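Tertiary structure, described
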Amino acid sequence: MKIPPRLQPLVEDGLIDDVLSQLMSGKEASVYVVRSGGKICCAKVYKEIDQRSFKKAVTYREGRKVRNSRRARAMEKGSKFGRDEQEKVWQQAEVDALSLLLKANVRAPIPYGCFDGVLLMELITDADGAVAPRLNDITLTKEQALRDHGLMITYIKRMLCIGLIHGDLSEFNVLVDGQGPVIIDLPQAVDASANNNAKWMFERDVNNMANYYGRYAPQVLETQYGKEMWALFQAGTLTPETELTGVFIETEVDADIDGLMAEINAVMAEAELRRARFMDEMHEQESE
């Protein structure tokens, strides 16, 4: 196929030997199947910030640390340099998250590196060598659903133990190969201890998985793994070896605090979104 402009520099530099096909085009990136170093892998081409439809990025970025103070100030001000740096941080976040997941024994593609807004990584395939399907594109038996939901809960638990939340986990961000689910798409990964929206994002991830697998195994819908894991995490007692029950009894005090925090987080998230819209308008005026 014709080489996309964003991949041309990598071809010229010898990082990519050939572009074989386009795999998908999503809200934040386009993914291509490429040959690199004699092996088949993925090239994820991140879209420019003005072309992305992932509107709530500012909510996910909360709590991310930037070591260079000049970069941090520029990103806060929203200058052109700051926006460019923010893009680099957004893209590097996925590389970092994938690396952390692999170290935590969570199944995810192996990252090979991010070059000029292009992430090269492992291509997940099925037993026949074809590109592995997304979870949304397959049909499961009840037994498969129970097994794979259990695996996903284990992976989510291991992620939380290292302080990481996917933040956008659904059946569209999970691939399935011969060994089960593989988690993908992590540029919006959230720091569980530094983001005020971490709790509801975490519970949403867990609930999304329960709702999907619950189509095939209804008993999954009765579980409360999200609340159980978060309570253990806050108490400092959650470990990769913790045996979960899926049962959680919420007290009135817990409910009151959770309700209050949800209201506070909603107000803060809305304020961040207003600020982001204001900055976008300022950038548009600057470009005119």
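Structure shown above.
Throughout what follows, the structure given in this document is the object of discussion. Nothing here was measured: the structure is a model prediction, and the numbers come from that model.

Reading the values: rules and limits
- Residues numbered from 1 in each chain as written.
- Predicted model: local features only at pLDDT ≥ 70, side-chain atom pairs only at ≥ 80, totals over all residues.
- Heavy atoms only, no water.
- Buried < 20%, exposed > 50% of the residue type's maximum accessible area, 1.4 Å probe, protein only.
- Helix = DSSP H or I, 4+ residues; strand = E, 2+ residues; numbered from the N terminus.
- Pairing = 2+ DSSP bridges.
- Phe/Tyr/Trp six-rings, centres within 6.5 Å; stacked < 30°, edge-to-face > 60°.
- Lys NZ or Arg CZ within 6 Å of the ring centre and 35° of its normal.
- Contact = heavy atoms within 4.5 Å.
- Salt bridge = Lys/Arg side-chain N within 4 Å of Asp/Glu carboxyl O.

What follows concerns the pairing of strand 2 (residues 29-36). For strand 2, the buried fraction is high: seven of the eight residues fall into the buried class. Here six bridges tie strand 1 (residues 18-25) to strand 2, and the two strands are oriented antiparallel to one another. Each residue of the ladder has a partner; that of Met24, found in strand 2, is Val31. The loop that links strand 1 with its antiparallel partner strand 2 comprises three residues. Where strand 2 lies against strand 3 (residues 39-46), eight bridges are found, and the strand directions are antiparallel. Following the sheet pairing, Ser36 is matched in strand 3 by Lys39. Taking the residues between adjacent antiparallel strands as the criterion, strand 2 and strand 3 are bridged by two residues, where Gly37 takes a positive phi near 60°.

Before going further, it helps to spend a moment on the packing of aromatic side chains. Scanning the model with the defined rule gives four aromatic pairs in all. On the numbers, 5.2 Å between centres and 45° between planes, the contact of Trp230 with Phe233 is tilted. You can see Trp230 and its partner Phe233 sitting in helix 7 (residues 225-235), three residues apart, about one turn around the helix. Trp230 sits in the buried class, given a relative accessible area of 6%. Directly above the ring of Tyr112 sits Lys39, whose terminal nitrogen or CZ lies 4.2 Å from the centroid.

Among all positions in helix 7, only Tyr225, Gly226, Glu228, Met229 and Trp230 are buried. Elements in contact with the buried residues of helix 7: helix 5 (142-161), strand 6 (164-165) and helix 6 (198-213). Once helix 7 finishes, Gly236 follows within two positions and takes phi at roughly 75°, a positive value.

The next subject is the pattern of salt bridges. Side-chain pairs of opposite charge can arise whenever the charged atoms involved come near each other. Using the criterion set out here, one finds 10 salt bridges in the structure. Of the charged contacts, one joins Asp177 and Arg107 as a salt bridge, the two residues approaching to 2.6 Å between their closest N and O atoms. One end of the pair, Asp177, is in strand 7 (residues 174-177); the other, Arg107, is in the loop between helix 4 (80-103) and strand 4 (111-115), and 70 residues separate them in sequence. Residue class for Asp177 comes out buried when judged on its relative accessible area of 14%. Here Asp148 and Arg147 are joined by a salt bridge, their closest N and O atoms 2.8 Å apart. Note on Asp148: relative accessible area 2%, which makes it buried. Several salt bridges converge on common partners, so that one network encompasses Glu28, Lys44, Glu94 and Asp185.

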